[in-house]
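Working through the structure, step by step
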Amino acid sequence: MATPSRSGVFSGDADRRVERFSESISFDCRLYEQDVRGSIAHAQMLAKVGVLTPDERDQIVVALTEIGQTIAAGKMEFRQELEDIHMHIEQALIERLGDVGRKLHTGRSRNDQVATDFRLWVRDAIDQIDRRIAALQKAFVGRCDRDTDVILPGYTHLQRAQPVLAPHYWLAYCEKFERDRSRLADCRRRTNQCSLGAAALAGTTLPIDRHDVANRLGFEGVAANSLDVSSDRDFVLEFVFCLTLIAEHLSTWAEEWILWSTVEFNFIKLPQEFCTGSSIMPQKINPDVLELTRGKTARVIGSLQTLLVLVKGLPLAYNRDLQEDKPPVFNAFDTVDACLELAAPLVEGSELNLAAIEERLERGYLDATTLMEYLIQRGLPQRSAHHAVGALVRSALERRCTLAELPLTEFQKTDPNLDASVYNVLGVHNAVRAFKSYGSTAPSEVARQVAHWKSRFFGAEARIQSAE
Ligand code: ARG
């Protein structure tokens, strides 16, 4: 049987090897639900403008719905010679309805059909990732009450720098993921434009109503230029870029917690259900989920690279190269979706090793900068205060003690007027209390931010609970 896209101009079928080489059904079958939705909207529009009768429309809508159910149930047999999901669904329709089925493809081409289906799919995928990120943010916010007063050493260059409150740490990740969500929302706006009706590249001479189709499919608008939109994959690249940054954020978090879970750091205990053992070393409890989260980021970056290279040399409008856009997007989406699914319970289920953290908190002179700022507030120029505190740290290093353990006479070498009140900013607990600036780790600032995030994620729940 000749395939529907091989018209009378061909005298026979394609070479079997060419069919195998050029099929996309093996991966674009994932678009079946979107294809059915798009075709139903198209048929309804065709009836509205008088191209189909109401009866023909109803037959098509019923048959398409049934075909969708058949595919969902895994009962459609996919055939290479039908190339892609669009041809499979149309062929099934023709097998059921004959000539009525042959009318569905009026006023559209696979070029705008593929683009429309993919926009619908990406829109759903954006919503799914957004829900997953919200769950992860919620897990971080949920930790803030558990770890309220815990102080952690903050690092720069992975060297101990200044003390920070644990909730300050958790909310730092919430902010990063919040930017990811806002990028996704922005990408969603540009994705949510209807391509259908661009036809092959130039539009159509038939009296179609593109705005009607767009409305039925929940698109915000209709893409303005048929040449542009039949080849446009910006939304795909943008989405995968968003996924790449999410993966990067997950990867840096994973790296941090892998370090924290080592004997050397001993800051955190990961839930055992999220760890694996070694086949040779019986004592090992390995952080594989975090390592794979970090490792799988490579795939997502690779997908973005693939897409950027794919489109760089394409002239207007549709080129068959564009069929290659789906595997990298599916791969990037599946990867990030899976990483996010495990990230939230990992954040919830991990425990800070409070005793081990507290025991070593006074090592590393985390209060040195606070001391410097104390001297600045007493009138010393910053450069002089920086130098003076450097000398005090050197003296403490020589005596193998903390800054708080230095005698007052040492401080008075810097400024003879210094009195015992200098000790009020020394030690990490005092140092944290001394912070003031907006967005800092000052307890009042952190409390304000925790309240903001809690009302966002637990506000409704808290209200419901108090009403019960
Ligand atoms: N399988 C193709 C794809 O996914 C369908 C596009 C067909 N258009 C064309 N002019 N051959 O891109």
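In what follows, the structure referred to is the one given above.
All figures in this text were calculated on a predicted structure; none of them were measured in a lab.

For the protein chain, the helix and strand inventory stands at 19 helices and six strands. A compact globule built from 468 residues would reach a C-alpha radius of gyration of about 23 Å, whereas the protein chain, at 31 Å, exceeds it by more than 25%. With the C-alpha coordinates aligned to their principal axes, the bounding extent of the protein chain is approximately 100 × 55 × 50 Å. A total of 468 residues make up the protein chain; the buried ones form 49% of that total. Long-range contacts, defined here as pairs at least 24 residues apart, represent 75% of the contacts in the protein chain between residues at least 6 apart. Working note: accessible area of the protein chain is about 22800 Å², and carbon and sulfur atoms make up 53% of it. Computed over 55 positive and 65 negative side-chain charges, the separation of the two mean positions in the protein chain equals 2 Å.

Summarising the sheet, strand β1 (residues 151-156) and strand β2 (residues 159-165) pair through six bridges and their orientation is antiparallel. Across the sheet, residue Leu152 finds its bridge partner in β2, namely Val164.

As a further point, take the side chain of Arg181. Note on placement: Arg181 falls in helix α8 (residues 166-191). Ignoring anything within four residues of it in the chain, the contact list for Arg181 reads Asp130, Ile133, Ala134, Gln137, Arg456 and Phe457.

As a further point, take the packing of helix α3 (residues 32-48) against helix α4 (residues 54-72). Where α3 contacts α4, the axes come no closer than 9 Å and their chain directions differ by 180°. Relative to α4, the element α3 is oriented roughly antiparallel. Two secondary-structure elements touch here, α3 through Tyr32, Val36, Ser39, Ile40, Ala43, Gln44 and Ala47 and α4 through Arg57, Ile60, Val61, Leu64, Thr65, Gly68, Ile71 and Ala72. Looking at the contact of α3 with α4 residue by residue, the classes come out as ten nonpolar, four polar and one charged.

Inspection of the region around the ligand gives Ser24, Glu83, Asp84, Arg110, Asn111, Val114, Tyr318, Gln323 and Lys326 as its neighbouring residues. In the model, a nitrogen atom of the ligand is placed 2.8 Å from a nitrogen or oxygen of the Glu83 side chain. Between the ligand and the protein, one listed contact pairs a nitrogen atom with a side-chain N or O atom of Asp84 at 2.7 Å. Bound to the protein, the ligand loses 84% of the 340 Å² it would expose on its own.

Take the packing of helix α7 (residues 110-146) against α8 next. Axis separation between α7 and α8 bottoms out at 9 Å; the angle between their running directions is 165°. With respect to α8, the axis of α7 lies roughly antiparallel. Crossing handedness for the pair α7 and α8: left-handed. Residues that form the contact of α7 with α8 fall into these classes: 17 nonpolar, two polar and ten charged.

Each value, and the rule that gives it
Residues numbered from 1 in each chain as written. Predicted model: local features only at pLDDT ≥ 70, side-chain atom pairs only at ≥ 80, totals over all residues. Heavy atoms only, no water. Helix = DSSP H or I, 4+ residues; strand = E, 2+ residues; numbered from the N terminus. Rg over C-alpha atoms; globule rule 2.2 N^0.38 Å. Buried < 20%, exposed > 50% of the residue type's maximum accessible area, 1.4 Å probe, protein only. Contact = heavy atoms within 4.5 Å. Areas by Shrake-Rupley, 256 points an atom, 1.4 Å probe, with all protein chains shown as cover. Lys, Arg positive; Asp, Glu negative; His and termini not counted. Charge placed at Lys NZ, Arg CZ, Asp CG, Glu CD. Pairing = 2+ DSSP bridges. Axes fitted to C-alpha atoms, helices over the stretch in contact; angles between N-to-C directions. Parallel < 35°, antiparallel > 145°, perpendicular 65-115°, else oblique. Nonpolar A, V, L, I, M, F, W, Y, C, P; charged D, E, K, R; others polar. Near = heavy atom within 4 Å. Polar contact = N/O pair within 3.5 Å; in protein donor to acceptor, adjacent residues only side chain to side chain. Left-handed = near helix turned anticlockwise from the far one by under 90°.

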